Amino acid sequence: MVVDIIRDSTFGQIINFVSNGKLLPYADQKSDFVVPSSFSLSLPFVPPNKRNSDIISVYGNETLTGDAQPRPLSEAQTLGVDVERPSRPLSQTPTLIDGEQPRPMSMLTDVEKGATMPDTRMTRESTIVEQPIEKLPTDPYLVGWYGDDDPENPRNWSPAKRAFVAFSISFLTFSVYIGSAIYTPSIPGLMQDFNISLTHATLGLTLYIIGYGTGPMLLAPLQEMAIFGRNTIYMGTLFLFVIFQIPIITATNIQTVLAFRFLTGFFGSPALATGGASMGDIYPMHQLAYVLGIWALGAVAGPITGPVVGGFAAQANGWRWPQYELIWISSFALLFLCTFLPETYEPTILLKRAQRLRKLTGNNQLRSQTEKNSEMASVAMVMRESLIRPFVLAKEPMLMFANIYLGFVYAIFYLWFEAFPLVFTDIYHFNLGTSGLPFLGFLVSGVITYAFYCLYQMYHVAPRYARAAEKGTQIAPEMRLELGLFASIFIPTSVLIFGFTSKESIHWIVPVIGAALYLPGIYLTFQSILMYITMAYPAYAASVLAGNDLFRSTIASVFPLFGHAFFTNLGLGGGSGLLAGLSLVMIPFYYGLMRYGHLLRARSKYAQSQ
C-alpha cells in the first residue's frame, strides 16, 4: 500500500517519469505485463455481433481468447471498458465549487442523495443478466479499468488506504483554512509597526476571505480536466501558497502584506473548494455524507484554532510570528502531501494509463473515455462556462436567498474574531495569547454536532429514502431544508447569550458556551442549504456552488471591517440583539422556501421540477 501511495503521489510521478518507469513502476510498465489483445495494432476490427469475447487476464498467468461462450460482464471489463461508469466517472461531476459540464449532477448532490439512502448504484452484478456482451461499446481501443478488482481504481482501495488519503486531504484543507484567522493576533502589531488603523489592518483578513472565494471560479474547473487532475492543482497552488507567505513575513509596508494576503487566499482555495470532490473519488456514495461531515468539521477547525496558535506567538515575538507558524504548517503539508497524497481523480488515472499503453504498444488509437469526450473541449471553453453561469443562476429566487442567508450566517462567524477581543481582553482581561482559547469551545460543540448529524442521517433520512424507494417515489429536495430550519434557531440564541452575558459579573465560561452554540447553527444550516441547491439544480450544481461560495465569501469578508465599530457603538448587547433580530427575520423566508420551493422549481428553466 505504501509503495502504491508514493508512486501515485506528485514526487512518485516525477520519479516514475524520469526513470522511464523503472522506478515505482505500474503494472503495465513491468516486464511480465500482458497487453490486452484488443489494444494490439494487428487486431482486425470485427463487428460486435460477429465476434466472440477476447478476454485477457491481466493479473493472472494465462491468456483466454476466442471463447465460444460469452463471459460474465465483469470479465468483459478486461477489454478496457468500465461498465459501472460508462461515460463519466462519478468523481468527474462537480463538487463544492468545481467546474462542470452542463448535464451531470454534482458529486455533492450524489453524495448527499446516496449517502443518506441505501446504496442504489448500478453494480456490475445487477447488470450481468441485463447487458449481454453484444451491447458493450464497440470501440476496441477504449482504455478503462482491468475488471472489478483493478487495484488502481480508487474505489477499490483498502479501507486503510482510503482513510489515510481522507486524512491527507483534510490536513491539506486545515493547513490552508487556518491561514484566515491565524492573521488576527497579528493585527495589533501591524497597527503599531505601520501606524495604521484597525480597519486598515483588518483588510488582511478580508482580502484572504475574498481570495479563497474567487479562486475556485478559476482554479477548481482545471481540476475537472483530466490532463491536470486533483494533485497537479493541489500541489502547484500549495507551493505558491507557501512561497507567497515569504513576502508577508519580510514586508516593510502594509501594502505588501495586503497584496500577498489576497494571493495566498486565492491560491489556497482549491483545497477548500474541491476537498469534498476528492473524498467523493474514493468513497462510495452511501458512506460519503459521513466522510464529508468529518472533512467539513476539519475545515472549520482551521479558523477556530488559528487565534489559539497565533495568539501566543504574536504575544511573545511580534506580529510576524503567526505568519512564520503558517509557513511552517503549510511547508510541512507541501512536503508530506507531495510524497504521500496519491491522485484520486479517475479520468486522470485512466488518461495516464492510456498514455502508457500508447507508448508500450505503439497504438495511438488507444484513448480513455475522457479523452474521447473532451476532444473538442478547451481550457478557454471551460473557463468561460465557469465564469458566466454562476452569475446567470444567481438571479434565481431560491439561489438568491441561499446566497444571502448563508452569506449572513458566514459573516457572523467572522464577526466573532472582532467580538472576542472586546469581551475576553477588555472585559475579562485575558492576554493576547489566552484570548484565543475561548475559540476552542467551537471544537467541543462541533464534535457533538457531528455526532448528532450522523444519527440524523442514519435514523431519519436513510429510512425515508428507503420507504420512498420501496414505493417507487422520489424525495423532494425541500426535505433537506428541515434540519436547517431547526438549526437556524441556534444562531440568534447563540448571539443573544454571548452579547448579554459578556459582563464582569458573569463568569467568562457563559459567553464561551453562548458562542459555542453558534457552531450547530452554521454547520447544519450549511449542510442543509448546500444539499438542497445541488439537488434542486443537479445539471448546474457546480455553478450553483461556485456562485454561492463567491457571494457568501464576499459578504462575510466585509463584516470584520466594521465589526469593532459595530460592537463599540451599539454595545455588545445592542449589536448582538440586532444580529439576532435579523436572523429571526430570515427564518420565515427559510420556512417559505421549504414550504413553497417546489413551486419555484416548477417555474424555473434551470431547476429540476420533479
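**Description of the overall build of the protein chain**
From N to C terminus, the protein chain includes 23 helices and 4 strands. Counting every position in the protein chain, which comprises 610 residues, the buried fraction comes to 58%. Long-range contacts, defined as pairs at least 24 residues apart, comprise 80% of the intrachain contacts of the protein chain with a sequence gap of at least 6.

**What to know about helix 20 (residues 490–501)**
Each turn of an α-helix holds 3.6 residues, which means side chains three or four residues apart point in the same direction. Between the first and last C-alpha of helix 20 there are 16 Å, a value that for 12 residues agrees with the 16 Å anticipated at 1.5 Å per step. Taken together, the buried positions of helix 20 are occupied by Ile 491, Pro 492, Ser 494, Val 495, Phe 498, Gly 499 and Thr 501. Summarising the contacts, the buried residues of helix 20 are in contact with helix 17 (397–427), helix 19 (481–487), helix 21 (509–516), helix 22 (518–536) and helix 23 (541–603).

**Quick notes on the pattern of salt bridges**
On inspection of all chains with the given rule, the structure shows 11 salt bridges. In this structure, the salt-bridge partner of Asp 28 is Arg 356, at a minimum N-O distance of 2.8 Å. Placement of the pair is Asp 28 in the loop between helix 2 (10–18) and strand 1 (55–56) and Arg 356 in helix 14 (residues 346–361), with a sequence separation of 328 residues. Of the charged contacts, one joins Arg 552 and Asp 549 as a salt bridge, the two residues approaching to 3.4 Å between their closest N and O atoms. Of this pair, Arg 552 and Asp 549 both sit in helix 23, 3 residues apart, which is roughly one turn of the helix. Since its relative accessible area comes to 6%, Asp 549 is described here as buried. A cluster of three or more residues bridged by salt bridges with shared partners is formed by Asp 28, Asp 150, Glu 152, Arg 353 and Arg 356.

**Comments concerning the environment of Gln 527**
Within the fold, Gln 527 resides in helix 22. Gln 527 sits in the buried class, given a relative accessible area of 12%. Linking Gln 527 and Leu 481, residues 46 residues apart in sequence, is a C-alpha distance of 9.0 Å.

**Some points on the environment of Asp 139**
Mapping Asp 139 onto the fold places it in the loop between helix 5 (124–127) and strand 3 (142–143). Here the alpha-carbon distance between Asp 139 and Leu 366, two residues 227 residues apart in the chain, equals 9.5 Å.

**Remarks on the packing of helix 22 against helix 23**
Here helix 22 crosses helix 23 at 30°, and the two axes come no closer than 6 Å. Of the possible angle classes, the one that applies to helix 22 and helix 23 is roughly parallel. Considering the relative orientation of helix 22 and helix 23, their crossing is left-handed. Counted together, Thr 525, Phe 526, Ser 528, Ile 529, Leu 530, Tyr 532, Ile 533, Thr 534 and Ala 536 of helix 22 and Ala 541, Val 544, Leu 545, Asn 548, Arg 552, Tyr 590, Leu 593, Gly 597 and Arg 601 of helix 23 form the full contact between these two elements. Looking at the contact of helix 22 with helix 23, its residues break down into 11 nonpolar, 5 polar and 2 charged.

**Digging into the nonpolar core**
Counting 127 residues, the largest nonpolar core has Tyr 414, Trp 416 and Tyr 518 as its most contacted members. With 22 residues, the single largest contributor to this core is helix 17. In this structure, Tyr 414 is in contact with Tyr 177, Ser 180, Leu 205, Ile 209, Tyr 212, Pro 303, Ala 556 and Pro 560, ignoring residues within four places of it in sequence. Among the nonpolar cores identified, the runner-up in size contains 8 residues, and Phe 33, Tyr 146, Ala 354 and Leu 357 belong to it.

**Considerations on the packing of helix 9 (residues 229–243) against helix 11 (residues 254–282)**
Close contact between helix 9 and helix 11 brings their axes to 9 Å; oriented N to C, the two are set at 150°. Classified by the interaxial angle, the pair formed by helix 9 and helix 11 is roughly antiparallel. Note on packing geometry: the crossing formed by helix 9 with helix 11 is left-handed. Contact residues: Arg 230, Ile 233, Tyr 234, Thr 237, Leu 238, Leu 240 and Phe 241 in helix 9; Thr 264, Phe 267, Gly 268, Pro 270, Ala 271, Thr 274, Gly 275, Ala 277, Ser 278 and Asp 281 in helix 11. Here the contact of helix 9 with helix 11 is composed, by residue class, of 9 nonpolar, 6 polar and 2 charged.

**What to know about the confidence of the model for the protein chain**
The predicted coordinates of low-pLDDT regions are not to be read in fine detail. The share of residues in the protein chain with pLDDT of 70 or more is 83%, and the mean pLDDT across the chain is 81. Segment residues 43–137: pLDDT under 50, and 238 contacts once partners within four positions in sequence are set aside and those in other chains are kept.

**A word on helix 9**
Given a rise of 1.5 Å per residue, 15 residues ought to cover 21 Å, and the 22 Å separating the end C-alpha atoms of helix 9 matches this to within 8%. All of the buried residues in helix 9 are Gly 229, Arg 230, Asn 231, Ile 233, Tyr 234, Met 235, Thr 237, Leu 238, Phe 241 and Val 242.

**Examining the packing of aromatic side chains**
Under the defined criterion, the tally for this structure stands at 48 aromatic pairs. An angle of 15° between the planes, with centres 5.6 Å apart, marks the rings of Phe 420 and Phe 498 as stacked. Note that Phe 420 is positioned in helix 17 and Phe 498 in helix 20, a separation of 78 residues in sequence. Judged by its relative accessible area of 1%, Phe 498 is buried. Across the ring face of Tyr 146, the terminal group of Arg 353 is positioned such that the distance to the ring centre comes to 3.9 Å. The ring centre of Tyr 26 lies 3.8 Å from the NZ or CZ of Arg 356, which sits over that ring.

**A few points about unusual backbone geometry**
Backbone geometry places Asn 20, a non-glycine residue, at a positive phi of 60°. Examined against the element boundaries, Asn 20 turns out to sit in the loop between helix 2 and strand 1. At His 429, a residue that is not glycine, the phi angle is positive and equals roughly 60°. Among the structural elements, His 429 can be located in the loop between helix 17 and helix 18 (440–471).

**Quick look at the environment of Ile 294**
Examined against the element boundaries, Ile 294 turns out to sit in helix 12 (residues 285–317). In the structure, Ile 294 is positioned 127 residues away from Phe 167 in sequence and 9.6 Å away in space, judged by C-alpha atoms.

**Describing a nonpolar patch on the surface**
On the surface, a cluster of nonpolar side chains totalling about 580 Å² of accessible area is made up of Phe 11, Ile 14, Phe 17, Val 18 and Leu 335. Structurally, Ile 14 can be placed in helix 2. Owing to a relative accessible area of 47%, Ile 14 belongs among the partly exposed residues under this scheme.

**Thoughts on the side chain of Ser 435**
With respect to the helices and strands, the residue Ser 435 is situated in the loop between helix 17 and helix 18. According to the relative accessible area criterion, Ser 435 is buried, its value standing at 11%. Reaching out from Ser 435, the side chain makes a polar contact with the backbone oxygen of Leu 432 at a distance of 2.9 Å. Excluding its chain neighbours within four sequence positions, the residues that come into contact with Ser 435 are Thr 425 and Phe 430.

Conventions adopted
Residues numbered from 1 in each chain as written. Predicted model: local features only at pLDDT ≥ 70, side-chain atom pairs only at ≥ 80, totals over all residues. Heavy atoms only, no water. Helix = DSSP H or I, 4+ residues; strand = E, 2+ residues; numbered from the N terminus. Buried < 20%, exposed > 50% of the residue type's maximum accessible area, 1.4 Å probe, protein only. Contact = heavy atoms within 4.5 Å. Expected span 1.5 Å × (residues − 1). Salt bridge = Lys/Arg side-chain N within 4 Å of Asp/Glu carboxyl O. Axes fitted to C-alpha atoms, helices over the stretch in contact; angles between N-to-C directions. Parallel < 35°, antiparallel > 145°, perpendicular 65-115°, else oblique. Left-handed = near helix turned anticlockwise from the far one by under 90°. Nonpolar A, V, L, I, M, F, W, Y, C, P; charged D, E, K, R; others polar. Core = buried A, V, L, I, M, F, W, Y, C linked by side-chain atoms within 4.5 Å. pLDDT = per-residue confidence, 0-100. Phe/Tyr/Trp six-rings, centres within 6.5 Å; stacked < 30°, edge-to-face > 60°. Lys NZ or Arg CZ within 6 Å of the ring centre and 35° of its normal. Patch = residues over 30% accessible without salt bridge, like charges linked within 9 Å, V, L, I, M, F, W, Y side chains within 5 Å. Areas by Shrake-Rupley, 256 points an atom, 1.4 Å probe, with all protein chains shown as cover. Polar contact = N/O pair within 3.5 Å; in protein donor to acceptor, adjacent residues only side chain to side chain.

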